[in-house]
Amino acid sequence: QVQLKESGPGLVQPSRTLSLTCTVSGFSLTSYGVNWVRQPPGKGLEWIAAIWSAGITDYNSTLKSRLSISRDTSRSQVLLKMSSLQTEDTAMYFCARSVSGYDHFDHWGQGVTVTVSS
Amino acid sequence: EIVLTQSPTTMTTSPGEKVTITCRASTSVNNMHWYQQKAGASPKPWIYETSKLASGVPDRFSGSGSGTSYSLTINNMEAEDAATYYCQQWNFPWTFGGGTKLELK
């Protein structure tokens, strides 16, 4: 079955770089896109970035200068890097699958909590 | 980017009631997706492409709309439907509404 699982450091100091990994199973990264979506505590959802089946990437323009998304198809992993972290980046980070930008996010991971604090 | 405004923000309802959640877009969009999220869990796809129910979603749910106004309706509210619902539009960059928290009396 389709599964996505996020992993990451949990606690990151301000101004440092966050690295998150989404490990997928049950589908191929060369057939589906993977997105990152975050949710600050008690708040709504914000789309961050996507990497599509052809390897093309898209970014939220407000975060673009701090983001990098890539993938390792041999390991079925999607990697997200976010630099210059601030306390406002504290959130639950989810990865979610979609076929294309017009399609909904049809499978989600359980999420990983990221806290930015010194 | 397209801003989605959901109303109401919070709604308290009773089992058996009809519930309608509205999502208004700042500019016309061709379709809307909806997600259900319960506390401590990840969002679940609920309604996609405006009116199609995701797998496992009870048929008391329905979706409709066009242009700048979309809605999610629950006929005959049940206890398990208490959750937060988010709309999401499919134009780049993808944005979500602020959410509607549906509570039971």
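A. Region of the structure containing the sheet that holds strand β3 (residues 18-25) of chain A. Residue and element names in this part refer to chain A. Taken together, the four strands give an open sheet; going across it, the order is β1-β3-β8-β7, and neighbouring strands pair in antiparallel fashion. Bordering the open sheet on either side are β1 (3-7) and β7 (67-72), each of which pairs with just one other strand. Mean inter-strand twist for the sheet, computed between neighbouring axes without regard to direction, equals 20 degrees. Across six bridges, β7 lies against strand β8 (residues 77-82) in antiparallel orientation. Of the residues in β8, the one forming a bridge with serine 70 is leucine 79.

B. Region of the structure containing the side chain of glutamate 6 of chain A. Residue and element names in this part refer to chain A. By the secondary structure assignment, glutamate 6 is in strand β1. In terms of polar contacts, glutamate 6 uses its side chain to reach the backbone amide nitrogen of cysteine 95, at 2.8 Å. A polar contact is formed between the side chain of glutamate 6 and the backbone nitrogen of glutamine 110, at a distance of 3.2 Å.

C. Layout of the sheet that holds strand β6 (residues 52-53) of chain B. Residues and elements named next belong to chain B. Spatially, six strands are ordered β2-β10-β9-β4-β5-β6 in an open sheet, and the strand pairing comes out mixed. In the strand order of this sheet, the two ends are held by β2 (10-13) and β6, each with one partner. Where strand β4 (residues 32-37) lies against strand β5 (residues 44-48), three bridges are found, and the strand directions are antiparallel. Residue pairing for β5: tryptophan 34 is matched across the bridge by isoleucine 47.

D. Molecular detail of the nonpolar core. If you look at the biggest cluster of nonpolar residues, it comprises 27 residues, and the most contacted ones within it are Trp36 and Tyr93 of chain A. If you list the elements that add at least two residues to this core, you get β3, β4 (33-39), β5 (46-51), β7, β8, β9 (91-98) and β11 (112-116) of chain A. No other element matches the four residues that β3 of chain A contributes to this core. In this structure, Leu4, Cys23, Ile47 and Val57 of chain B belong to the second largest nonpolar core, which totals 22 residues.

E. Here's a closer look at the state of the cysteines. Under the defined criterion, the tally for this structure stands at two disulfides over all chains. A sulfur-sulfur separation of 2.1 Å characterises the disulfide bridge that pairs cysteine 22 of chain A with cysteine 95 of chain A. Taking the torsion about the S-S bond as the criterion, the cysteine 22 of chain A to cysteine 95 of chain A disulfide, at about 75 degrees, is right-handed. Taken together, the residues cysteine 22 of chain A in strand β3 and cysteine 95 of chain A in strand β9 connect sequence positions 73 residues apart. Residue classification places cysteine 95 of chain A among the buried positions, given a relative accessible area of 0%. Between cysteine 23 of chain B and cysteine 87 of chain B runs a disulfide, and the two sulfur atoms are separated by 2.1 Å.

F. Here's a closer look at the pairing of strand β1 (residues 4-7) of chain B. All names here are of chain B. The alternating pattern of β1 places Leu4 and Gln6 on a buried face, while none of Thr5 and Ser7, on the opposite face, is buried. Note that β1 and strand β3 (residues 19-25) share four bridges and pair antiparallel. Residue pairing across strands places leucine 4 opposite alanine 25, the latter belonging to β3.

What counts as what
- Residues numbered from 1 in each chain as written.
- Chains lettered and ligands numbered in written order.
- Predicted model: local features only at pLDDT ≥ 70, side-chain atom pairs only at ≥ 80, totals over all residues.
- Heavy atoms only, no water.
- Pairing = 2+ DSSP bridges.
- Helix = DSSP H or I, 4+ residues; strand = E, 2+ residues; numbered from the N terminus.
- Axes fitted to C-alpha atoms, helices over the stretch in contact; angles between N-to-C directions.
- Polar contact = N/O pair within 3.5 Å; in protein donor to acceptor, adjacent residues only side chain to side chain.
- Core = buried A, V, L, I, M, F, W, Y, C linked by side-chain atoms within 4.5 Å.
- Buried < 20%, exposed > 50% of the residue type's maximum accessible area, 1.4 Å probe, protein only.
- Disulfide = S-S within 2.5 Å.

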